[in-house]
Amino acid sequence: MAEAVLIDLFSLPANLQNSIQGLLRSTLEAIEKCSAIHAPCVYVMCCQRQGSERKGEQEFFLAALRGFQSPRRRLEVVCAQTTAAALYTIKQRLDEKDLSIIKVILPTLRKGLMKVYVDHLFTAVYQFEFEDLQGISDSESLQISDHQHEGQIQDVAVVRREIQMHLESLPSLKGELTILRSSLIPDDIFLHGFTTRTGGISYVPTLSSCNLFSSSKRRDPQVVVKENLRRLANAAGFNPEAFHRVKVDHANAVCIMGKTEPDDYDGIVTDQKGVTLAAPGADCIPVLFADPVRRACGAAHSGWKGTLLGVSMATVNAMVSEYGCNVKDILVVLGPSVGPCCYKLPHESAKEFHRIDPKCVRLFDSASPFIDIRRATRILLERGGILPENIQDDSITDQSKNITFCTACHPDKFYSHFRDGTNFGTQIGFISIKD
């Protein structure tokens, strides 16, 4: 049973006010009869016209809805100048109530276009069913532009552009976009940083606001993540069209830019200027690598599994073999990640970290010991030949320069899977070689 109903009247012209009033009332009555026990939220989507037309439209919608608006029925009219703006507003209402099953009642010839909007603005978390709006024939009522006919949508790019323009117009949430930078990586050669959660447009609480990863299991669609990335790129100064993020597998495969891309990989390296590499992290460590001598760089995603599999040294070894880097020249920075103060693993998994160094585990004899994946990463890097002074993590002497904060301890600054659960947001570490 639908948790919400969307009645799409966006394309119906204002000169059919009397017909629309009757149509809307009959549609609402049908919803009432079918939803005697469970009353879904009902949203009426219409076009916000200019001047006197706008005032008249509001009046006739209020007349049509009189007698249906009540706390039980939870009915709301959403007027906007574009379909993208109206539908995105309705998505916000759905997310506020954690609703996922939506019935869309709309004119037949509008269905194809609506599915395009839905595909871009929603993820697989939501379930949609479509029902024809009965009562007004297509021939007499629809004002549909030439790209809206079902089966004849001439340019999906038009829809994408409309969505993009709306998202670009939205204000940033939770303050300004903030980038953390390491003093170890020379900024005359490399552009780099680690993101925080502020300055984006993601509004779902656990994703708010600069979420930089979209998943079928989360409510942030790819278009929102892309807009967050655009804002990050503008602030940091890199080209979002030359942006490459690792394809997380929690293992140790490394992608060499310019060569065949693996299906999945947690490390990536390049010596190409202007190409930005990135690794996500929401407790897992985003690790950045820079060789100022050979002018090569890399990024890796290191969770507890990747740490044990040696993904950081695998990334270092790729830089050495591909670009002739000397391991003693490579600088490594560990970004914000879950600290040993918060992170626990089952005893069996903790044994693996204890073998690396007993100091990587706290309360080892407990069922779920605390684990220090950062210390384990440093130890494995040093064993591989990275100089201790060329690694920056939370052991840095000058804590004013520390950027390896615990993600779980700072909900105002960072996302955390450990803290927030399955619908968590994601920050990234990024690096590129300046032109």
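Residues numbered from 1 in each chain as written. Predicted model: local features only at pLDDT ≥ 70, side-chain atom pairs only at ≥ 80, totals over all residues. Heavy atoms only, no water.

Q: Would you explain the pairing of strand 13 (residues 296–302) in this entry?
A: Counting buried residues along strand 13, seven of its seven residues qualify, which places the element largely inside the surrounding structure. Across the two faces of strand 13 the burial is the same, with A296, G298, A300 and S302 and C297, A299 and H301 all buried. As defined by bridge partners, strand 10 (residues 267–270) adjoins strand 13 across four bridges and the pair is classed as antiparallel. Following the sheet pairing, I268 is matched in strand 13 by A299. With seven bridges connecting them, strand 12 (residues 285–291) and strand 13 associate as antiparallel partners. Paired with P286 across the two strands is H301, which belongs to strand 13. Where strand 12 folds back onto strand 13 in an antiparallel hairpin, the turn is made up of four residues, including R295, whose phi is positive at roughly 55 degrees. (Buried < 20%, exposed > 50% of the residue type's maximum accessible area, 1.4 Å probe, protein only. Helix = DSSP H or I, 4+ residues; strand = E, 2+ residues; numbered from the N terminus. Pairing = 2+ DSSP bridges.)

Q: Mind showing me how you'd approach the sheet that holds strand 13 here?
A: Strand pairing in a sheet relies on backbone hydrogen bonds. The paired strands run either parallel or antiparallel. With mixed pairing, the six strands of this open sheet are ordered in space as 9-10-13-12-14-17. A single partner strand is all that each edge strand has here, and the edge strands are strand 9 (254–256) and strand 17 (391–392). Relative to strand 17, strand 14 (residues 331–334) is paired through two bridges, and the arrangement is parallel. If you follow V332 over to strand 17, its bridge partner there is I391. The strands that helix 9 (residues 311–323) touches are strand 9, strand 10, strand 12 and strand 13; relative to strand 13, the one it contacts most, it runs at about 160 degrees. (Contact = heavy atoms within 4.5 Å. Axes fitted to C-alpha atoms, helices over the stretch in contact; angles between N-to-C directions.)

Q: Explain the pattern of salt bridges here, please?
A: Pairing between side chains becomes possible if they bear opposite charge and their charged atoms approach one another. The full count for this structure, using the stated rule, is 19 salt bridges. Residues R219 and D98 are paired through a salt bridge, measuring 3.1 Å at the closest nitrogen-oxygen approach. Taken together, the residues R219 in the loop between strand 7 (190–195) and helix 7 (222–236) and D98 in the loop between helix 3 (83–96) and strand 4 (101–106) connect sequence positions 121 residues apart. Under the relative-accessibility criterion, D98 is labelled exposed at 53%. (Salt bridge = Lys/Arg side-chain N within 4 Å of Asp/Glu carboxyl O.)

Q: What is the right way to look at the nonpolar core in this model?
A: The nonpolar side chains of a soluble globular protein tend to be buried with one another. With 37 residues, the main nonpolar core has L6, M45, L87, L94 and I163 as its most contacted residues. For this core, the secondary structure elements donating two or more residues are strand 1 (4–8), strand 2 (41–47), strand 3 (75–80), helix 3, strand 4, helix 4 (111–121), helix 6 (156–169) and helix 7. Looking at this core, you find at least three residues from each of domain 1 (4–136 + 143–169) and domain 2 (179–433). If we skip the residues at most four places from it in the chain, I163 touches A84, Y117, H120, L121 and V223. In terms of nonpolar packing, the next biggest core, distinct from the first, is built from 36 residues, V311, M313, L334 and V338 among them. (Core = buried A, V, L, I, M, F, W, Y, C linked by side-chain atoms within 4.5 Å. Domains from an automatic or database assignment.)

Q: Please explain helix 6 as it appears in this structure.
A: Each α-helix turn comprises 3.6 residues. Residues three or four places apart therefore point the same way. The terminal C-alpha atoms of helix 6, which comprises 14 residues, lie 20 Å apart, in line with the 20 Å expected from a rise of 1.5 Å per residue. By the burial criterion, the buried members of helix 6 are V159, I163, H166 and L167. The buried residues of helix 6 occupy an angular sector of 100 degrees when projected down its axis, which confines them to one face. The inward-facing, buried residues of helix 6 abut helix 3, helix 4 and helix 7. (Expected span 1.5 Å × (residues − 1). Arc of directions from axis to C-beta.)

Q: Hey, could you run me through helix 4 in this one?
A: Along helix 4, nine of the eleven residues are buried, which leaves the element largely enclosed by surrounding structure. For helix 4, every residue scored as buried is listed here: K111, G112, L113, M114, V116, Y117, V118, H120 and L121.

Q: Where do I start with the side chain of D291 in this structure?
A: With respect to the helices and strands, the residue D291 is situated in strand 12. The buried charged residue D291 lacks any salt bridge, with R294 as its nearest oppositely charged partner at 5.7 Å. Within the structure, D291 has its side chain in polar contact with the backbone nitrogen of R294 (distance 3.2 Å). When neighbours within four sequence positions are excluded, D291 is seen to be in contact with F190, A296, M319, C325, N326, D329 and I330. (Lys, Arg positive; Asp, Glu negative; His and termini not counted. Polar contact = N/O pair within 3.5 Å; in protein donor to acceptor, adjacent residues only side chain to side chain.)

Q: Help me understand the confidence of the model for the chain in this model?
A: Do not read the fine detail of predicted coordinates wherever pLDDT is low. Considering every residue of the chain, the mean pLDDT works out to 90; 86% of them sit at 70 or more. Here residues 138–152 is a poorly scored stretch, pLDDT under 50, and it has 33 contacts once near neighbours within four places are set aside; other chains count. (pLDDT = per-residue confidence, 0-100.)

Q: Sorry, what's going on with the side chain of T315 here?
A: Within the element layout of this structure, T315 appears in helix 9. The contacts of T315, once residues within four sequence positions are left out, are V254, G267, I268, V269, F289, A299 and A300.

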